[in-house]
Every structure is written in structure tokens, then in C-alpha cells.
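# Structural features, examined
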Amino acid sequence: MAEHDSGDDLLEKITNLAKRRGFFFPSAEIYGGFRSAYDYGPLGVNMLRNVKNAWWRSMVQLRDDIVGIDAAILGPPAIWAASGHLETFTDPLVDCKKCKERWREDKIDGVCPNCGSTEFTEARAFNLMFKTQAGPVEGEGATAYLRPETAQGMFTNFANVLATTRRKPPFGIAQIGKSFRNEITPQNSIFRTREFEQMEMEFFVPPAEADTWYRYWIETRHRWYLELGIAPEKLRLHEHAAADLSHYSRGTTDIEFDFPWGFDELEGIANRGDYDLTQHANASGVRLEYFDQANNERYVPYVIEPAAGATRAMMAFLLAAYEEDVVEGETRSVLRLHPRLAPYQVAVLPLSKKPDLEGLSREVLGLLQPHVMCDFDLTQSIGRRYRRQDEIGTPLCVTIDFDSLEDRAVTVRDRDTTTQTRVAIDDLVATVLTRLV
Ligand code: ATP
């Protein structure tokens with residue numbers, strides 16, 4: 001029977017699996033580590049790319065009302081003054097009076113997680129942006145910031161996109177990329193890091209349609225996680241109370257996932273009103289409006305923003321997919337990842353290292369590689385190799401045996417059911433592709 005873990009146990013299993021099999025490693029480990037960052041290994045880089053591709057596919061490729069951009073990470077202070085980040089992008093920082101550890105006040109419930117003390121200094125506003133110098137001269141003119149979110153790139157390019165694509169509201173601009181926040185307490189593996197990746201989309205709409213689109217995007221983004229295999233009971237929507245809204249927001253709903261430490265944010269969907277375009281227009285002196293010729297009317301669109309974390313989503317997909325079950329009397333761990341997210345879609349496994357089998361196996365590998373990401377594994381017993389592929393979530397294994405040399409057919413073994421079917425090499429690509437949707 002399948003078993004699901006909960007609590008710290010699961011977090012530890014996933015973190016160990018990630019390190020042991022090459023999903024992600026603590027960064028700079030040979031120098032003792034760097035708590036705020038992770039490096040993605042050979043499996044992780046595939047999976048993270050798959051998460052981003054799945055988002056891009058649903059947000060850009062399958063739609064005719066959203067286009068993409070890729071804006072710079074470094075930006076001048078003017079952007080962050082206008083967006084409100086210089087002023088308000090802060091977390092409340094407190095020092096424990098006993099052990100001197102620093103914490104984010106709103107995350108610790110009044111008790112020091114390190115020593116248990118309840119005595120803290122007064123909270124100070126700590127700005128989360130990384131500040132740096134651009135160019136060889138120091139001083140105010142050279143100050144630059146690493147973006148703490150990708151969203152501002154969409155607002156500062158609003159007029160460029162409008163002019164080059166001839167879009168009209170409702171339309172969206174999407175971006176995937178790195179963001180940086182000097183988090184006071186990075187924690188829970190890749191859930192909260194100082195360097196991370198976001199997937200954000202700004203949807204510009206006529207103001208009267210804002211609420212309808214806000215609801216539409218909550219629903220659409222929720223469905224995305226469900227379609228990629230997260231069980232409904234592992235997700236919930238949390239609508240923020242008016243008093244808790246950020247300075248720019250007229251309504252925010254978080255999609256939360258049931259992480260081992262409880263439900264926590266995966267993505268936020270906000271109705272940002274005309275805040276951002278108005279702020280940037282006022283600060284830059286450039287008009288950021290839409291002229292509706294049909295009604296002879298000029299207006300500042302409202303913005304609905306679904307803002308997700310790519311690295312955080314990857315963590316949720318890994319946690320949601322992990323299962324242990326018993327196959328042929330042996331416990332196995334299996335990642336039931338959606339085929340679109342798995343690091344490899346197919347593993348090609350010659351039954352033995354005999355040269356003629358390896359030759360045919362490489363031919364099969366060559367047929368599959370243009371279509372799907374493949375692993376090729378020659379080592380250990382076939383049973384061991386199946387387990388190793390189950391553990392990293394590979395949906396299909398293709399085994400080439402001695403009969404294959406005679407009948408030009410191979411065995412396709414399914415990760416979830418462990419059933420095996422014989423398929424002619426000539427039909428393999430078509431069979432694999434239909435099984436992976
Ligand atoms: P939190 O309250 O957890 O600090 P936030 O509400 O400030 O997050 P947003 O500004 O709404 O987060 O960012 C959008 C998304 O970006 C989040 O839902 C999350 O998935 C991701 N994200 C934000 N900060 C981090 C981080 N430090 N590490 C990884 N992902 C992050």
C-alpha cells in the first residue's frame with residue numbers, strides 16, 4: 001500500500017534525495033556552504049526547466065493574449081523609488097536578547113527558534129533589496145539594485161510592448177527569471193532562498209473588468225497546479241483581509257500548498273489596480289496609458305498579477321510526488337511526477353553490457369532523444385535500475401534484451417503501475433509520445 005509521509009520526515013527525505021541523486025545541492029558546499037543559495041544538479045536543472053516550460057506553455061504558448069519579455073536584473077534606483085520598494089519593501093527585523101540571533105518578527109510567534117527566549121529588541125524595518133554599484137565609480141550615481149521581483153520589468157516595458165505588438169487590453173506580459181531578496185532567515189531548503197526564480201505575468205485590463213479577471217486568474221492558476229498532478233486537498237486558496245494588503249493591492253489571494261510545516265504560499269494573485277503604471281508614469285514623465293480608438297477614450301489599465309516562484313513550485317511538486325510503496329515484496333520510493341515535469345521522460349536500459357545489445361540500445365536512444373529527455377544506464381541489475389528511475393520520477397523505462405536483437409521489439413515499463421508491454425522499435429516513438437501526455 002502506498003504511504004505518504006508528513007512533517008519533517010518528508011522534508012528530510014526530499015532534501016536527502018535531492019542531494020543524493022542530484023536535484024539540488026547547498027551552494028558553495030566545499031567552502032562550508034552558503035545558507036542562502038542552492039545549486040541545481042543534473043536532475044534539478046531538467047526539472048526546474050520543465051516547471052518553467054510548463055508555465056510558459058500555459059501562459060504564453062497556448063494563448064493569443066499574452067506575450068513574453070526578458071528584462072534586466074540590474075536596475076537604477078528610480079525604478080524602485082517609483083514602485084515603492086525603496087520605501088516599503090521591508091521585513092520587521094528583531095534580535096534575540098539572549099542568543100543574539102536575528103529573526104523576522106512575523107515568522108516566529110514571539111519565541112526564539114534558536115534558544116526559546118521571548119525577549120527581543122524593538123522591530124526595525126529591514127529593506128530586502130540587494131544594493132550594488134554599477135561601473136567603476138562609487139557614489140550615488142552608480143547605485144544599482146538587483147531586482148527583488150520580475151514584475152517591474154513588465155511595467156517599465158509596457159509602452160514598448162504596446163507599440164511593438166499592437167496589443168490592446170485585456171492582454172498580458174509574462175516573464176521568468178531570477179530575483180533576489182536579502183531574506184532575514186532563508187529556510188526550508190529551496191522554499192525561501194536569497195536568490196530564486198519567479199514566473200510572473202502582468203495582465204492589463206480595462207478597470208471595469210478588473211474583478212472578473214482577478215477571479216479568472218485565481219481559478220486558472222489554481223487549475224495549473226492540479227493539472228500537473230498536485231492533489232486537490234494539498235492546495236488551498238487564502239484571500240487576504242483588506243487590512244493585510246500590500247500598499248499596491250486592491251485584492252490578493254494566495255495559492256497555498258500543504259508543506260511539511262503547514263500550508264504556506266506558493267503563488268500570489270493580486271489586483272494591483274493602476275498603481276504601478278501611474279507611479280512609473282509620474283516618476284518617468286512618460287505616458288503609460290492605452291488609447292481606445294473605438295470609444296475615443298484614454299485610460300490607465302488595471303493590472304492583475306499572478307506571481308509564482310519557480311524554485312518554490314519545484315519544491316512543492318517534489319513533495320507532492322513522493323511516495324513509498326511495496327513492489328514484489330520490496331519497499332521502493334517513487335516520485336509520481338507529471339511526465340512533463342520529470343527530469344527524464346524515458347530511461348533506455350540495455351539488459352546487459354554485451355556490445356551488440358549496447359549497439360541496438362544506442363540506436364533506440366537516438367530515436368527517442370529528439371523527442372524526449374532520456375537517461376541511458378548500463379550499470380547494475382535491471383531491477384536496481386528500475387528502482388533508481390522510480391526514485392527520480394522517470395515515467396517510462398525502455399529495456400532492450402536479447403530477443404530485441406531478433407524481433408526488433410523492446411519492453412516498455414511503466415513507473416506507476418510497473419506493468420511491462422512489448423513494443424516494436426518502429427512504433428516506439430509514437431507509443432512513448434502518446435503515453436507521456
Ligand atoms: P513571503 O511572504 O513568503 O516572503 P511574498 O508574499 O513576499 O513571500 P511575493 O512577493 O508575492 O512573495 O512573490 C511571489 C512568489 O515568489 C511567492 O509566492 C513565492 O513563490 C516566490 N518567492 C518569494 N520570495 C521567495 C524566496 N525568498 N525564495 C523562493 N521563492 C520566493
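Only a predicted model underlies this, so the values are computations on that prediction, with no experimental measurement involved. (Residues numbered from 1 in each chain as written. Predicted model: local features only at pLDDT ≥ 70, side-chain atom pairs only at ≥ 80, totals over all residues. Heavy atoms only, no water.)

## Focus on the site of the ligand
In the vicinity of the ligand there are 15 residues, among which Glu183, Arg192, Thr193, Glu265 and Leu266 approach most closely. The backbone of Leu266 places a nitrogen or oxygen atom 2.9 Å from an oxygen atom of the ligand. Side-chain polar atom of Arg312 to an oxygen atom of the ligand: 3.4 Å apart, as the coordinates give it. Protein contacts shield 85% of the accessible area of the ligand, which totals 600 Å² for the unbound molecule. Taken atom by atom, the bulk of the ligand overlaps the largest pocket. When residues of the shell around the ligand are traced back to their parent elements, those giving at least two are strand E11 (195–205), strand E14 (262–273) and strand E17 (302–309). Its residues assigned to classes, the shell around the ligand comprises five nonpolar, three polar and seven charged. (Near = heavy atom within 4 Å. Polar contact = N/O pair within 3.5 Å; in protein donor to acceptor, adjacent residues only side chain to side chain. Areas by Shrake-Rupley, 256 points an atom, 1.4 Å probe, with all protein chains shown as cover. 1 Å grid on protein atoms, 1.4 Å probe; cavity = no way out; pocket = protein on both sides within 12 Å on 5 of 7 lines; lining within 4 Å. Sits in = over half its atoms within 2 Å of the grid points. Helix = DSSP H or I, 4+ residues; strand = E, 2+ residues; numbered from the N terminus. Nonpolar A, V, L, I, M, F, W, Y, C, P; charged D, E, K, R; others polar.)

## Side note on the sheet that holds strand E24 (residues 420–424)
With mixed pairing, five strands are arranged side by side in an open sheet as E21-E20-E22-E23-E24. Across the chains shown, the open sheet's two edge strands, defined by having one partner strand only, are strand E21 (374–376) and E24. Averaged over all adjacent pairs, the angle separating strand axes in this sheet is 25 degrees, with direction ignored. When strand E20 (residues 346–350) meets strand E22 (residues 396–400), the two strands line up parallel, connected through five bridges. Paired with Val348 across the bridge in E22 is Val398. (Pairing = 2+ DSSP bridges. Axes fitted to C-alpha atoms, helices over the stretch in contact; angles between N-to-C directions.)

## Description of the sheet that holds strand E4 (residues 74–75)
Spatially, the three strands line up as an open sheet ordered E4-E9-E8, and their pairing is antiparallel. Looking at which strands have only one partner, the edges of the open sheet turn out to be E4 and strand E8 (131–133). Direction of pairing for E4 relative to strand E9 (residues 143–146): antiparallel, over a ladder of two bridges. For Gly75, the partnering residue across the bridge sits in E9 and is Tyr145.

## A closer look at the environment of Pro301
Note that Pro301 resides in the loop between strand E16 (297–299) and E17. Overall, the relative accessible area of 0% leaves Pro301 in the buried class. Separated by 36 residues in the primary sequence, Pro301 and Leu337 place their C-alpha atoms 39 Å from one another. Discounting residues that sit within four places of it in the chain, Pro301 has contacts with Phe158, Pro169, Phe204, Val205, Gly273, Asp274, Leu277, Glu289 and Tyr290. (Buried < 20%, exposed > 50% of the residue type's maximum accessible area, 1.4 Å probe, protein only. Contact = heavy atoms within 4.5 Å.)

## A few points about a nonpolar patch on the surface
On the surface, Leu351, Phe402 and Leu405 cluster together into a nonpolar patch covering about 230 Å² of accessible area. Mapped onto the secondary structure, Leu351 falls in the loop between E20 and helix H10 (355–368). Look at Leu351 and you get partly exposed, because its relative accessible area is 37%. (Patch = residues over 30% accessible without salt bridge, like charges linked within 9 Å, V, L, I, M, F, W, Y side chains within 5 Å. Salt bridge = Lys/Arg side-chain N within 4 Å of Asp/Glu carboxyl O.)

## Digging into the layout of surface pockets
The calculated volume of the largest pocket comes to roughly 1200 Å³. If you go around the largest pocket, you meet 44 residues; those closest to its centre are Phe89, Arg104, Arg181, Tyr248 and Glu265. When residues of the lining of the largest pocket are traced back to their parent elements, those giving at least two are helix H4 (85–88), strand E5 (90–95), E11, strand E13 (251–259), E14, E17 and helix H9 (310–321). Here the lining of the largest pocket gets nine residues from one element, more than from any other, and that element is E14. Looking at side-chain class alone, the lining of the largest pocket contains 13 nonpolar, 13 polar and 18 charged residues. In this structure, the second largest pocket encloses a volume near 480 Å³. Lining the second largest pocket are 18 residues, with Asn50, Pro339, Arg340, Gln345 and His371 positioned closest to its centre. Examining the composition of the lining of the second largest pocket, we find that seven residues originate from one element, helix H2 (residues 42–61), more than from any other. When grouped by side-chain class, the residues that make up the lining of the second largest pocket number eight nonpolar, seven polar and three charged. Here the lining of the second largest pocket spans two domains, and each of domain 1 (7–89 + 128–318) and domain 2 (344–435) adds at least three residues to it. (Points joined across faces, edges and corners; volume = space filled by probe spheres on them. Domains from an automatic or database assignment.)

## Here's the deal with the domain arrangement of the chain
On domain assignment, one finds that the chain holds domain 1 (7–89 + 128–318) and domain 2 (344–435). Look at where the C-alpha atoms of domain 1 and domain 2 centre, and you get two points 38 Å apart. Here domain 1 packs against domain 2, burying approximately 600 Å² in sum over the two surfaces, 45% of which is carbon and sulfur. Looking at the side of domain 1 facing domain 2, the largest losses of area belong to Arg21, Leu43 and Asn46, adding up to 67% of the total buried there. For the pair domain 1 and domain 2, the number of links is two salt bridges. (Buried area = accessible area lost by both parts, 1.4 Å probe.)

## Considerations on the packing of aromatic side chains
If you walk through the whole model with that rule in mind, you get 19 aromatic pairs. Judged by centre distance (5.0 Å) and plane angle (80 degrees), the rings of Trp213 and Tyr216 are edge-to-face. Here Trp213 pairs with Tyr216, and both are found in helix H7 (residues 210–227), just three residues apart, close to one helical turn. Take Trp213: its relative accessible area is 17%, and that puts it in the buried class. Ring plane angle 80 degrees and centroid distance 4.9 Å describe the contact between Phe257 and Phe259, whose orientation is recorded as edge-to-face. Of the aromatic side chains, those joined through ring pairs into one cluster are Phe155, Phe158, Phe171 and Phe204. The ring of Tyr248 has Arg272 lying over it, and the distance from NZ or CZ to the ring centre is 3.9 Å. Arg413 extends its terminal NZ or CZ atom over the ring of Tyr386, reaching a point 4.5 Å from the ring centre. (Phe/Tyr/Trp six-rings, centres within 6.5 Å; stacked < 30°, edge-to-face > 60°. Lys NZ or Arg CZ within 6 Å of the ring centre and 35° of its normal.)

## Observations concerning the packing of H2 against H7
Between H2 and H7, the least distance of the axes is 11 Å, while the angle of their chain directions is 140 degrees. Relative to H7, the element H2 is oriented oblique. Remark: the crossing between H2 and H7 carries right-handed chirality. The residues of H7 that touch H2, namely those facing Val51, Ala54, Trp55, Ser58 and Met59, are Trp217, Arg221 and Trp224. When grouped by side-chain class, the residues that make up the contact of H2 with H7 number six nonpolar, one polar and one charged. (Parallel < 35°, antiparallel > 145°, perpendicular 65-115°, else oblique. Left-handed = near helix turned anticlockwise from the far one by under 90°.)

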